[in-house]
Amino acid sequence: MVSLLEIVIPVEATGLFSYAWLMIAIPLVVSAILLLGGKATDAWGHWLGVLGALGSFVVTAVLWIQMLGAPVDQRAVHVPMFDWISVGSLDLKAALLVDQLSILFALLVTGVGSLIFIYSVGYMAHDPNRRRFFAFLNLFIVAMLTLVLADNYALLFVGWEGVGLASYLLIGFWQERHSAALAAKKAFVVNRIGDLGLLLAMFTMVALFGSVNFTEVNQAASSAGSGWLTALGLFLLLAACGKSAQVPLQSWLLDAMEGPTPVSALIHAATMVTAGVYLVVRSHSIYELTAAASLAVCIVGVVTLLAGAWIGSTKDDIKKVLAGSTMSQIGYMMLAAGIGPAGGAFAIFHLFTHGFFKANMFLGAGSVMHAMNDDTDMRHFGALRKVMPWTFITFAIGYLAIIGIPPFAGFYSKDHIVVAAWERGWYFGVLAIVGAGITAFYMTRLMMMTFFGTKRWADGVHPHESPKIMVGPLVVLSIGAAVLGMILNNSIQHWLAPPTGGHPHDAALWEIPWQGWVTLLVVLVGVAIGYLMYRGEISFEQPHTTNPIVYIGRNDLLADKFNDAVFVRGGGKAAAGVAAVDDLLVDGGVRSTATLATSLGGALGKLENGYTRSYGLTMVIGVVVVGAVLILGRLA
Amino acid sequence: MSPNAYVVLSAILFSIGLLGFLIRRNVLIAFMSVELMLNSANLAMVAFSYANGTLLGQVGAFFVMVVAACEVVIGLAIIMIIFKTRRSASVDDQNQLKH
C-alpha cells in the first residue's frame, strides 16, 4: 500500500525551471518554420531541424544539471503554463512536471533524437522532401516532450495523440508507396484502440477523483474502490498496449518499418513505443493498489517478450527482425513495470539503455541498407564486416548490449528485470530467461547473415561505408550502449526512487546474482545455436517452409489474419446486421411516416377543386362545426 | 323593446346571403350576397347592443361598415379586371386555382 508520505508533492518552479517550456517551444517553432516556410527553407531546413532538437537538448541538459544540484525533495518541479479547460468543478491547467523520471525521458528523447537528426541529414540527403521530413521529426519531438513532461493525463493525452500523428506522418513519409500508406493507416487505426483505453481511464479518473492531475490522482487513488482501480489499471494497460505494440495490439509495429530508417530508430524503437511503459510507471500508485491489473501488465509483458522474439527469429527483413526485437524488449520493460515499485526503476533503466542500443542498431541497419541500395533482405547481405568496418563495430556493440554480455548496457538493465521477475514469481523469471536466450539466437542470426558468411549481394550492388555524418552518431550511440549500464547500474535506482515509489537496494557492479549467471549461460547457448545454424550457406531466396513455428513467425503470428477474420469480417457482419435492423425499423418508420403524409395530402388535395362555391360550403360547414362545439361545450 | 324580431330578421337575411353565395353563379350576385351577410351581422350586433344597453355592438357595426366599404372597392376592382380579361362574370369559370 502507498502511504501518503511517499507521494512526492512537486515544488513550484523557480529560476531556470520556469523556462522549462522552452524544451517544447524550440522544436515547435522550428517545425512551424519548416512547414510554413515551404520550399524557401529547402536549402537549410535540415540544419535548422537539427538545431531544433539540439536546442531542446541543451535546455534539457541544463535543467538536468540544475536538478542534480538540488536536494532530493526539491527535484520534482511544477511549471505552470496557462489555464486550459475550466468547466464546472473541473479546472484543468496546462502545466509541466519536471521530475527525475520526466527529465530522464526528455534527455533520451532530445539526446538520442539529436543524434538521429544528425544521422538523417546524411541518410535523407538525396530525398527531395528532406525538409518536410525534418519538420515532422521536430513535430514528433514536440509531441513526445509534451507527453513526458505533462503534469496531468489530459496534457499527456495531447502529446500521446501528437506522437501518434507524427508517427503516422513519418511511417507514410514515402506516401507514393502504397504499402507505406497502408502501414501508416494501420498504425493509426490500431493506436486509436489504445487511445480509447486512455480516454476511458481519464473519464474514470474524473468520475472518481474529479481530477486528472498526476499528483492528485496518486493522492486520491487509495480512496477508490478496488473494482474501479482494477478497471482503471486495465484501461491504462490497453492504452499502453496500443502505443507500445504489446500483444494483442502489436500488429502495427512490424508494418511501421515502411517508414525511413531514422524514423524506425527514433519513434519505433527508442522513444514513442516506450511511452506505454512510461504511462504504467507514471501510474504506479494505481497499479500498486490493484493486484489484478498489475498481474495483467506482467502477463502482457511476458507474452509480448516471447512473441516479439519469435517473430524476430523468423524474419529475413533486417528491420523487421529489429522491430520484433523492439517488441520483445518493451515486453521486458512492461514486465518490470508490472512488478511494482521494485521493478519500475528497472523498467526505465532498460528503456534508457534500450533507447541507445536499439537506436544504434537501427541506424546501423539503415547504414547497411544505404550501402545495399535500400535492400532490407538479410539473405542478400553477408560478409559486410570488412566493407563497412565502422558500421560493423558499432552494430556489434549494440548486439553485445542487447543480448546482455557484461559489461555492456543491456546486461545490467536486463539482469535486474530477470531478478525482479524471479522474485515476483519463478515462472516469470524462467520465461524472461528463455526470452533472453531467444534474443541471443535471433540477434546472432542477424549478425551472421549480415556481416559474416559469404557475399550474397544482388547484381550491381557495391557496398561502401556510409559518410561520416552517419557514422558519427553510430559511434556516439554505441559508446552509450557500451558504458551506460555500468554508469547507471546503481545510481538510477536512487535517482528514480521518488517518482516510482521504489526502495533502492545497492547493486554492486561486479556482483552477479545466480539468476544472472543462468541468464548468461542461456544467452551463450542461444548464441551458439545461432552461430551453428547460420555459419553455412544461406540461400538467396527465402526457402519455402512447412514448419508451423517458422510459418507463424514469418506471418507476424497470424495477427493480421486473426484481425481480418475476427474484427474486419466479423465487424463487417455485425455492421451489416445493424444496417439491416436500421433499414427495417428506423428507415421503415421514417418511410411509412412519409407515405402517410403523401397519401393524406393526396386525399385532401381533392378538396381543392377551384370552385369558389365549394370553398364557401367548406367554410360554412367549418363555422357550423365550431359553433356547435362551442355551444355544446357550454351546455355540457 | 325585444330584439327578437331584429335577430330573426338578421338570421333570415344571413341565410338568404349564404344561400345566394353558395348557389348563384354570377360574380356580382355572389358579391352582393356576401355584403348581405355582413349587414345581417351588423343588424344582429346593433340589436344586441340596444338590448344590453351598451354601445360596443354599434361601434363594431361601424367598423364592419368601414371594412366592407374597403372590401367592396377592392372586390369590384378585381371583378372588373377579371371580366375584362376573361369576358365572363361566372364564378364557376374562375376555377384555375386548384390541385
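Our subject is the structure that appears above.
Rules of the game
- Position numbers for residues start from 1 in each chain and track the written sequence from start to end.
- The order in which chains are written sets their letters, starting at A; the order in which ligands are written sets their numbers, starting at 1.
- A pLDDT threshold of at least 70 governs which residues receive local features in this predicted model, and a stricter bar of 80 or more applies before side-chain atom pairs are shown or counted, although totals over entire chains, interfaces and linings include all residues.
- Hydrogens and water molecules were not included; the side-chain quantities draw on all heavy atoms of the structure.
- Under the scheme used here, helices are H or I runs from DSSP no shorter than 4 residues and strands are E runs no shorter than 2 residues, and both carry numbers assigned from the N terminus.
- Residue burial is assigned from relative accessible area. The probe radius is 1.4 Å, only protein chains are included, and a residue is buried under 20% of its type maximum, exposed over 50%, and partly exposed in between.
- Residue contacts are counted whenever heavy atoms from the two residues lie within 4.5 Å of one another.
- All accessibility values rest on the Shrake-Rupley procedure with a 1.4 Å probe; residue burial counts only the protein chains present in the view.
- Once two parts are joined, some of their accessible surface, as seen by a 1.4 Å probe, is lost; buried area is that loss totalled over both.
- Should a side-chain nitrogen of Lys or Arg be within 4 Å of a carboxyl oxygen of Asp or Glu, the pair is scored as a salt bridge.
- Expected span of a helix, by definition, is 1.5 Å for each gap between consecutive residues, and there is one gap fewer than residues.
- Site definitions follow a grid-based scheme: protein atoms alone, a 1 Å grid, a 1.4 Å probe that fits but cannot get out for cavities, and for pockets an open set with protein on both sides within 12 Å along at least five of seven lines, plus lining residues having an atom within 4 Å of a point.
- Grid points are joined across faces, edges and corners, and a volume is the space filled by probe spheres set on the points.
- Under the grouping applied here, Gly and all other residues not named as nonpolar or charged are polar, the nonpolar ones being Ala, Val, Leu, Ile, Met, Phe, Trp, Tyr, Cys and Pro and the charged ones Asp, Glu, Lys and Arg.

## As for the overall build of chain B
Right, so step 1: A tally of regular secondary structure across chain B gives three helices and zero strands.
Right, so step 2: Reading chain B from its N terminus to its C terminus gives the helix and strand order α-α-α.
Right, so step 3: The dimensions of chain B, computed from C-alpha atoms along their principal axes, are 50 × 25 × 25 Å.
Right, so step 4: Within chain B, buried positions represent 29% of all 99 residues.
Right, so step 5: Within chain B, contacts between residues at least 6 apart in sequence are counted, and of these 56% link residues at least 24 apart.
Right, so step 6: Taken as a whole, chain B presents about 6,700 Å² of accessible surface, with 75% of it coming from carbon and sulfur.

## Considering the interface of chain B and chain A
Right, so step 1: Facing the 13 residues of chain B at the interface are eleven residues of chain A.
Right, so step 2: Summed over both sides, the interface of chain B with chain A buries roughly 990 Å², with 61% coming from carbon and sulfur.
Right, so step 3: Linking chain B with chain A are one salt bridge, by the criterion used here.
Right, so step 4: In this structure, B:D92 and A:R613 form a salt bridge, with 2.5 Å as the shortest nitrogen-oxygen distance.

## Points about the environment of A:L155
Residues and elements named next belong to chain A.
Right, so step 1: Within the secondary structure, L155 sits in helix α5 (residues 153-171).
Right, so step 2: Linking L155 and W84, residues 71 residues apart in sequence, is a C-alpha distance of 9.5 Å.
Right, so step 3: Leave out the neighbours within four places in its chain, and L155 touches M81, W84, A94, A95, L96, T146 and A150.

## Looking at helix α3 (residues 56-86) of chain B
Residue and element names in this part refer to chain B.
Right, so step 1: If you check α3, its first and last C-alpha atoms are 44 Å apart, about what 31 residues at 1.5 Å a residue would give, namely 45 Å.
Right, so step 2: For α3, the secondary structure elements touched by its buried residues are α2 (27-52).
Right, so step 3: At the C-terminal side of α3, R87 shows a positive phi close to 55 degrees.

## Looking at unusual backbone geometry
Residue and element names in this part refer to chain A.
Right, so step 1: With omega at 10 degrees, the peptide bond leading from V247 into P248 counts as cis.
Right, so step 2: Note that P248 resides in the loop between α8 (226-244) and α9 (251-255).
Right, so step 3: Across the junction of P406 and P407, the peptide omega takes the value 5 degrees, indicating a cis bond.
Right, so step 4: Tracing the chain through its elements places P407 in the loop between α16 (389-403) and α17 (409-424).
Right, so step 5: Here the phi dihedral of D556 falls at roughly 55 degrees; this positive angle occurs in a residue that is not glycine.

## Let's talk about helix α10 (residues 261-270) of chain A
Right, so step 1: Where burial is concerned, most of α10(A) is hidden: ten out of the ten residues are buried.
Right, so step 2: Where α10(A) is buried, its residues touch α3 (100-123), α4 (130-149), α5, α9, α14 (318-339) and α15 (341-371) of chain A.

## Some points on empty space enclosed by the protein
All names here are of chain A.
Right, so step 1: Scanning the entire structure with this criterion turns up four cavities of 30 Å³ or more.
Right, so step 2: Estimates place the volume of the largest cavity at around 70 Å³.
Right, so step 3: Those elements that provide at least two residues to the lining of the largest cavity are α11 (275-282), α12 (284-289) and α15.
Right, so step 4: Here the element with the most residues in the lining of the largest cavity is α12; it accounts for three residues.
Right, so step 5: When its residues are assigned to classes, the lining of the largest cavity shows five nonpolar, four polar and one charged.
Right, so step 6: Here the second largest cavity defines a volume of roughly 50 Å³.
Right, so step 7: I403, G404, F411, K414, D415, T519 and L520 together form the lining of the second largest cavity.
Right, so step 8: Of all the secondary structure elements, the ones that give two or more residues to the lining of the second largest cavity are α17 and α20 (514-534).
Right, so step 9: Broken down by element, the residue count for the lining of the second largest cavity peaks at three residues, all from α17.
Right, so step 10: The residue inventory of the lining of the second largest cavity, partitioned by class, reads three nonpolar, two polar and two charged.

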